[in-house]
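Given next are the chains, with one letter for each unit.
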Amino acid sequence: MTHSDQRSYFFKIDTTIKRIRSFMQKGLTDNGIDLTVDQWVVLDHIKPKPGISQNDLAVDTAKDAPTVTRILDLLVDKKLVRRQMADDDRRKFNIFLTEEGEHLHTKALEVIGEVRRKSWDGLADNDYDELVRIMNTIHKNVS
């Protein structure tokens, strides 16, 4: 057995992700932003790709289609996104941020940016590069 076999790295990754999500949610809530972290992730993936399909959004966010549909339903109810039937396929919808969604994205991005800066306090840029390299290797190994 190697040294890495003796470590419970999955537990550490999992608990760290939960802490980060909780910290992000607190940041959003404390700043009066009515979004969950999952809603933020979807909103943030729509921003650079106006008109993205729901299917592509599910792939990009690593969420299943029913989850994305539920999140989009909530974001539509909040008037942050709108669905538009695709011109080429009436079974597909393209997703766009509304003006209110654009505004909230900008406000939330400031909060999320601050949360990310606080999370990374005491770490260097090369630490980030190494973390990404390690996570990509683990991801590849289990894919």
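Before reading on, note that the structure itself is shown above.
Residues numbered from 1 in each chain as written. Predicted model: local features only at pLDDT ≥ 70, side-chain atom pairs only at ≥ 80, totals over all residues. Heavy atoms only, no water.

Visitor: I'd love a proper account of the side chain of Thr-61, names of residues and values included.
Guide: Turning to its location among the elements, Thr-61 is positioned in helix H4 (residues 54-61). Among residues more than four places away in sequence, those in contact with Thr-61 are Val-41, Val-42, His-45 and Val-68. (Helix = DSSP H or I, 4+ residues; strand = E, 2+ residues; numbered from the N terminus. Contact = heavy atoms within 4.5 Å.)

Visitor: So what's going on with a nonpolar patch on the surface? Which residues, and what values?
Guide: Among the surface-exposed residues, Leu-131, Ile-134 and Met-135 lie close enough to one another that they form a single nonpolar patch of about 220 Å² accessible area. Among the secondary structure elements, Met-135 is positioned in helix H7 (residues 125-142). (Patch = residues over 30% accessible without salt bridge, like charges linked within 9 Å, V, L, I, M, F, W, Y side chains within 5 Å. Areas by Shrake-Rupley, 256 points an atom, 1.4 Å probe, with all protein chains shown as cover. Salt bridge = Lys/Arg side-chain N within 4 Å of Asp/Glu carboxyl O.)

Visitor: Please provide a residue-by-residue account of the pattern of salt bridges, values included.
Guide: Enumeration over the complete set of coordinates arrives at 10 salt bridges. Notably, a salt bridge pairs Asp-60 with Lys-49, separated by 2.7 Å at the nearest N-O pair. One end of the pair, Asp-60, is in helix H4; the other, Lys-49, is in the loop between helix H3 (37-46) and strand E1 (52-53), and 11 residues separate them in sequence. Take Asp-60: its relative accessible area is 30%, and that puts it in the partly exposed class. In this structure, Arg-83 engages Asp-73 in a salt bridge whose closest nitrogen and oxygen atoms are separated by 2.8 Å. A residue pair is termed long-range when its members are at least 10 positions apart, and Arg-83 in strand E2 (residues 81-85) and Asp-73 in helix H5 (residues 65-77) qualify at 10 residues. Relative accessible area serves as the criterion here: at 34%, Asp-73 is assigned to the partly exposed category. A cluster of three or more residues bridged by salt bridges with shared partners is formed by Arg-21, Asp-38 and Lys-63. (Buried < 20%, exposed > 50% of the residue type's maximum accessible area, 1.4 Å probe, protein only.)

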